[in-house]
Amino acid sequence: MNDTKPYPVLDYVVNLIKNTISDAKVEYTSIGTVTLKDGNDTIYLEQKFDSSESLATIFITDPKEIIYSEDLLVPLKNLAKGTDGPLKSALQDATIIVNDLDLETYLIFLSVKNEFDQLSNSYEFLQTVEKETTKVKSLFKFGKHPFGLNVVNEADQILLTTKFASTIDPGIKKTIEEDALKVQAQCMLYSKKAKL
């Protein structure tokens, strides 16, 4: 990039990541786009603004989930901590989207997978089918029984809904539905604590 200074919010996020992944090479391709390379892995960042041109959204594409493995989710969630002035205000108002999910939904979905693991080692996460900012559609398996799980992170609640093949055993279905309610309750607790 030439001498153009990057957007302050984007620059702050890039530096936060780079300070954690010390060997990462940073390349600003424009005032609003950056590529971070860590060995053969690459993280792409782009800052866009809302229609008023005042609220920033940082879109992070991290195919290898380096941000997760480097424990960067919480620092990104608490982005404004330790800052002041106009930068603090801009960071507090910024939205971070990681791999098509807002940061809170990303953290909640990780918590959902963990909670199912805690309930029983019979649960196995298979794949994510669809992501849309605050919604995740995924496939899980309970023993040999696959089922769909939708996670929706709304402003005041987290909803988990299940979807089954018509041939599933009613007892298995009931167990999974009850466990989904337990996971939903735990994730609501987690979300409330995170907002305190």
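As shown above, the structure is provided for reference.
Along each chain, residues carry numbers from 1 onward, in the same order as the chain's sequence is written. pLDDT decides what is reported in this predicted model: residues at 70 or higher carry local features, side-chain atom pairs at 80 or more are listed and counted, and totals for whole chains, interfaces and linings draw on all residues regardless. Side-chain numbers here rest on the full set of heavy atoms in the structure, without hydrogens or water.

**Notes on the sheet that holds strand β7 (residues 123-132)**
Consideration 1: By definition, two strands form a pair when at least two bridges between them are found by DSSP. The secondary structure listing takes helices from DSSP runs of H or I that are at least 4 residues long and strands from runs of E that are at least 2 residues long, numbered from the N terminus. Spatial strand order, β7-β8-β9-β10: four strands in an open sheet with antiparallel pairing. Sheet topology places β7 and β10 (158-163) at the edges, where each strand pairs with a single neighbour. Strand-to-strand twist across the sheet, computed as the mean angle between neighbouring axes with direction ignored, equals 25 degrees.
Consideration 2: Two strands pair when backbone bridges link them, and strand β8 (residues 135-142) and strand β9 (residues 145-153) are joined in this way by eight bridges, in the antiparallel orientation. Note on β9: the bridge partner recorded for Lys-141 is Pro-146. Fitted lines through C-alpha atoms serve as axes, helices being fitted only where they are in contact, and the angles separating the N-to-C directions of these axes extend from 0 to 180 degrees.

**Overview of a nonpolar patch on the surface**
Consideration 1: Only residues above 30% relative accessible area that lack a salt bridge enter a patch, with like-charged residues linked at up to 9 Å and the nonpolar side chains Val, Leu, Ile, Met, Phe, Trp and Tyr linked at up to 5 Å. Under the convention used here, a 1.4 Å probe and the Shrake-Rupley method define accessible areas, while residue burial counts only the protein chains that appear. For this document, the term salt bridge refers to a Lys or Arg side-chain nitrogen within 4 Å of an Asp or Glu carboxyl oxygen. There is a patch of nonpolar side chains on the surface, built from Leu-126, Val-129 and Leu-139 and spanning about 230 Å² of accessible area.
Consideration 2: Among the secondary structure elements, Val-129 is positioned in strand β7.

**Here's the deal with the pairing of β10**
Consideration 1: Pairing analysis gives six bridges linking β9 to β10, with the strands arranged antiparallel. Counterpart to Val-151 in the pairing with β10 is Leu-160.
Consideration 2: Counted between consecutive antiparallel strands, the loop separating β9 from β10 contains four residues.

**A short note on the sheet that holds strand β5 (residues 95-98)**
Consideration 1: Strands sit in the order β1-β2-β3-β4-β5-β6 across an open sheet of six strands; the sheet is mixed. Lying at the two open borders of the sheet, with one neighbouring strand each, are β1 (25-30) and β6 (101-102).
Consideration 2: The pairing of strand β4 (residues 56-61) with β5 spans four bridges and is parallel. By the bridge assignment for β5, Thr-57 is matched with Thr-95.
Consideration 3: Contact criterion: two residues are considered in contact whenever any of their non-hydrogen atoms come within 4.5 Å of each other. Across the sheet, helix α1 (residues 8-20) lies against β1, β2 (33-38), β3 (41-49), β4 and β5, angled at about 160 degrees from β3, the strand it touches most.

**Considering the pairing of β7**
Consideration 1: Pairing of β7 with β8, which is carried by eight bridges, proceeds in the antiparallel orientation. If you follow Glu-132 over to β8, its bridge partner there is Lys-135.

**Details of unusual backbone geometry**
Consideration 1: Of note, Glu-65 is a non-glycine position whose phi angle comes to about 55 degrees, a positive value.
Consideration 2: Mapped onto the secondary structure, Glu-65 falls in the loop between β4 and α2 (66-69).
Consideration 3: Located in the positive-phi region is Asn-99, a residue other than glycine, with phi close to 50 degrees.
Consideration 4: Structurally, the position occupied by Asn-99 is in the loop between β5 and β6.

**Structural notes on helix α5 (residues 103-119)**
Consideration 1: By definition here, a helix of n residues has an expected span of 1.5 Å times n minus one. Here α5 contains 17 residues, and its C-alpha end-to-end distance of 24 Å stays within 8% of the 24 Å for a straight helix at 1.5 Å per residue.
Consideration 2: Considered for burial, the residues of α5 that qualify are Leu-103, Thr-105, Tyr-106, Leu-107, Ile-108, Phe-109, Leu-110, Ser-111, Val-112, Glu-115 and Phe-116. Burial here depends on accessible area, computed with a 1.4 Å probe over protein chains only, as a share of the maximum for the residue type. Under 20% is buried, over 50% is exposed, and the range in between is partly exposed.

**Remarks on the nonpolar core**
Consideration 1: If you look at the biggest cluster of nonpolar residues, it comprises 52 residues, and the most contacted ones within it are Leu-45 and Ile-60.
Consideration 2: If near-sequence neighbours (up to four positions away) are discounted, Ile-60 is found in contact with Val-13, Ile-43, Tyr-44, Leu-45, Ile-67, Leu-76, Ile-96, Ile-97, Val-98 and Asn-99. Here, nonpolar core means buried Ala, Val, Leu, Ile, Met, Phe, Trp, Tyr and Cys residues that are tied together by side-chain atoms lying within 4.5 Å of each other.

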